[in-house]
Amino acid sequence: LRRLYPLSRSPEKLVQRIAQLCETLMLAVGDYIVEEGEPGTGVHYLVSGAATVYTSSEALAAKKRIAYQQSTIKARRNKLASRTGRFGARPKLVSRTVSAEGE
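Residues numbered from 1 in each chain as written. Predicted model: local features only at pLDDT ≥ 70, side-chain atom pairs only at ≥ 80, totals over all residues. Heavy atoms only, no water.

It is worth spelling out the overall build of the chain at this point. In terms of regular secondary structure, the chain is built from 2 helices and 0 strands. Classification of the 103 residues of the chain by burial places 8% in the buried group. When the accessible area of the chain is evaluated, it comes to approximately 10000 Å², of which 54% is carbon and sulfur surface. (Helix = DSSP H or I, 4+ residues; strand = E, 2+ residues; numbered from the N terminus. Buried < 20%, exposed > 50% of the residue type's maximum accessible area, 1.4 Å probe, protein only. Areas by Shrake-Rupley, 256 points an atom, 1.4 Å probe, with all protein chains shown as cover.)

Here's what the structure looks like:
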C-alpha cells in the first residue's frame, strides 16, 4: 500500500488501518471487478496485471472473444498432448552424431 498514491504520503498508522480493511483478490481473465449499474462500495487498486472497462454490450462481445481465445489455447494444448502422449509436454529433440566418413 505504501507504493500507492496518496498512501505513500500518509501516516503509518492510517496505512496499517487501511491494510486491515483491504481484501486481496486473484482474478482470472474474463472475471469482473465491478459490473455496470452496481453501487460503488470501495476503492480498487490493481497490484499487477491489467483491466479493461466495458459497457454491458461491449462486455458481452469481450466475453465471447475471451471464450474463443481460451478454447483455441485448449485445442492447441490437446493437439500437442496427442502428439507427445502427455499434456503440455514438448517433443523431444533427437540428435545424431555423424562421423566425417558419413557412417
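Attention now goes to the layout of surface pockets. A volume near 1800 Å³ is recorded for the largest pocket. Lining the largest pocket are 42 residues, and of these Leu27, Ile33, His44, Leu46 and Ala51 lie nearest its centre. Here the lining of the largest pocket gets 7 residues from one element, more than from any other, and that element is helix α2 (residues 56-84). Broken down by class, the residue content of the lining of the largest pocket amounts to 24 nonpolar, 11 polar and 7 charged. (1 Å grid on protein atoms, 1.4 Å probe; cavity = no way out; pocket = protein on both sides within 12 Å on 5 of 7 lines; lining within 4 Å. Points joined across faces, edges and corners; volume = space filled by probe spheres on them. Nonpolar A, V, L, I, M, F, W, Y, C, P; charged D, E, K, R; others polar.)

Quick look at the side chain of serine 10 now. The topology assignment puts serine 10 in the segment before α1 (12-21). Judged by its relative accessible area of 14%, serine 10 is buried. If we skip the residues at most four places from it in the chain, serine 10 touches Arg2 and Val15. (Contact = heavy atoms within 4.5 Å.)

In this section: the environment of threonine 52. The residue threonine 52 is located in the loop between α1 and α2 in this model. Measuring from C-alpha to C-alpha, the distance between threonine 52 and glycine 30 comes to 9.9 Å, with 22 residues separating the pair along the chain.

On the surface, Leu25, Leu27, Ile33, Val34 and Leu46 cluster together into a nonpolar patch covering about 460 Å² of accessible area. A residue is classified by how much of its surface remains accessible, and leucine 46, at 48% relative accessible area, is partly exposed. (Patch = residues over 30% accessible without salt bridge, like charges linked within 9 Å, V, L, I, M, F, W, Y side chains within 5 Å. Salt bridge = Lys/Arg side-chain N within 4 Å of Asp/Glu carboxyl O.)

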